[in-house]
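Tertiary structure, described
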Amino acid sequence: MFTLTQLASFVAVAEELHFGRAAKRLRMTQPPLSRQIQLLENELKVRLFDRTNRSVRLTPAGRAFLVEARRLLHQADHAALSARRVSAGEAGRIAVGFTAASAYAALGRLLDAARSALPDVEIVLREMVTRDQLRALTEGALDLGLVRPPVAAPELEERAADREALLAAVPNGHPLAAGGGPLRLDAFDGQPLIMYSPVEARYFHELLVGLFRWAGVSPVYAQYLSQVHSILALVDGGWGLALIPEAAARLRYAGLTFRPLELPDPAPVELSLTWRRGNDNPALVRLLEHI
């Protein structure tokens with residue numbers, strides 16, 4: 001198969017139509033240049049140039065091959081440049097996992113940071129619950145995750161990414177919808193509550209159970225769901241009340257009122273940025289340095 005050196009030699013002669021000028025352009029002497037052209041013609045089994053003592057002209061086969069030779073050289077240059085840019089973290093892709101609730105605020109900030117620092121890096125987004133993200137990170141299917149703590153896997157790094165408040169989601173006609181001050185947790189004692197699933201939404205389930213236990217409150221768990229938007233839809237339908245992360249209040253429902261809560265920690269909802277130790281994706285390294 002012909003080489004890139006042979007292609008470059010052919011293009012130089014084809015553009016100069018003079019072996020001496022082409023050799024000078026390539027910073028080589030004329031005999032090795034002639035040898036490269038001869039090897040190329042032998043490989044292709046066609047004559048690329050008509051040569052006389054006074055002129056050099058492309059044959060019809062040479063004119064056709066010139067188009068493809070330029071394209072191949074351009075692709076080779078592009079491939080080399082792409083490899084260098086990926087190695088430097090300036091190109092490539094980062095697979096990012098996120099929980100549904102993190103999409104309301106934290107994910108947007110992360111994407112803004114990535115766009116600012118690495119505009120030519122492709123960000124591939126995958127919505128997953130924390131449990132599935134941790135598995136994907138460990139297996140190398142994800143580069144970065146927005147997960148709920150704690151991250152117990154020793155092979156994963158963890159950095160605090162966000163903290164936010166909890167809000168009460170209450171139907172407009174409910175007695176707890178009135179008033180502007182924070183609600184105490186004892187207001188939920190005996191009230192129907194749309195609760196988070198202990199499996200798919202384990203973090204929020206354990207957070208609320210701990211808070212209610214601390215306050216000595218016993219709501220009536222009407223349903224168990226994993227996604228905040230589904231929980232709010234049931235509250236809007238009058239199936240019960242809910243406690244949601246503050247950013248989720250951006251999901252506007254005309255029939256809902258969002259009330260602040262009086263809690264021992266004003267921002268109990270935590271979010272972590274997580275990645276696998278030893279991940280050699282240069283783009284990920286660049287992004288982590290930026291944020």
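As shown above, the structure is provided for reference.
Attention in this report is confined to the structure presented alongside it. Because the structure is predicted, anything quoted here is derived from the model rather than measured.

Below, the discussion takes up the overall build of the protein chain. Counting its secondary structure elements, the protein chain contains nine helices and 13 strands. In terms of overall dimensions, the protein chain is more spread out than a globule: its C-alpha atoms have a radius of gyration of 32 Å, far above the 19 Å expected for 291 residues. With respect to the three principal axes, the spread of C-alpha positions in the protein chain is 105 × 40 × 30 Å. The buried share among the 291 residues of the protein chain stands at 43%. In the protein chain, the share of contacts with a sequence separation of at least 24, taken over all contacts with a separation of at least 6, comes to 74%. When the accessible surface of the protein chain is summed, it comes to about 15300 Å², and 52% of that surface belongs to carbon and sulfur atoms. Here the protein chain holds 33 positive side-chain charges and 31 negative ones, and the gap between their average locations is 13 Å.

Before going further, it helps to examine the pairing of strand β13 (residues 269-276). Where burial is concerned, most of β13 is hidden: six out of the eight residues are buried. Two strands pair when backbone bridges link them, and strand β5 (residues 144-147) and β13 are joined in this way by three bridges, in the antiparallel orientation. Its bridge partner being in β13, Leu146 is matched across the sheet by Leu273. Note that strand β6 (residues 156-164) and β13 share eight bridges and pair antiparallel. Counterpart to Leu156 in the pairing with β13 is Arg276.

Attention shifts here to the pattern of salt bridges. Counted under the stated rule, the structure contains 17 salt bridges. Across the pair Arg71 and Glu68 runs a salt bridge whose closest N-O atoms are separated by 2.6 Å. In this pair, Arg71 and Glu68 are both assigned in helix α4 (residues 60-87), three residues apart and thus about one turn of the helix distant. A relative accessible area of 41% places Arg71 in the partly exposed class. The shortest N-O distance in the salt bridge between Arg277 and Glu157 comes to 2.9 Å. A residue pair is termed long-range when its members are at least 10 positions apart, and Arg277 in the loop between β13 and α9 (282-290) and Glu157 in strand β6 qualify at 120 residues. A residue is classified by how much of its surface remains accessible, and Arg277, at 43% relative accessible area, is partly exposed. Three or more residues are tied together by salt bridges with common partners; here these are Glu15, Glu16, Arg21, Arg25 and Arg70.

This part takes up the layout of surface pockets. In this model, the largest pocket occupies a volume close to 560 Å³. If you go around the largest pocket, you meet 26 residues; those closest to its centre are Thr130, Arg131, Glu200, Arg202 and Tyr203. Broken down by secondary-structure element, the contributors of at least two residues to the lining of the largest pocket are α6 (130-139) and α7 (202-215). Tallying contributions element by element places α7 first for the lining of the largest pocket, with four residues. When grouped by side-chain class, the residues that make up the lining of the largest pocket number 16 nonpolar, four polar and six charged.

Thresholds, definitions, all that
Residues numbered from 1 in each chain as written. Predicted model: local features only at pLDDT ≥ 70, side-chain atom pairs only at ≥ 80, totals over all residues. Heavy atoms only, no water. Helix = DSSP H or I, 4+ residues; strand = E, 2+ residues; numbered from the N terminus. Rg over C-alpha atoms; globule rule 2.2 N^0.38 Å. Buried < 20%, exposed > 50% of the residue type's maximum accessible area, 1.4 Å probe, protein only. Contact = heavy atoms within 4.5 Å. Areas by Shrake-Rupley, 256 points an atom, 1.4 Å probe, with all protein chains shown as cover. Lys, Arg positive; Asp, Glu negative; His and termini not counted. Charge placed at Lys NZ, Arg CZ, Asp CG, Glu CD. Pairing = 2+ DSSP bridges. Salt bridge = Lys/Arg side-chain N within 4 Å of Asp/Glu carboxyl O. 1 Å grid on protein atoms, 1.4 Å probe; cavity = no way out; pocket = protein on both sides within 12 Å on 5 of 7 lines; lining within 4 Å. Points joined across faces, edges and corners; volume = space filled by probe spheres on them. Nonpolar A, V, L, I, M, F, W, Y, C, P; charged D, E, K, R; others polar.

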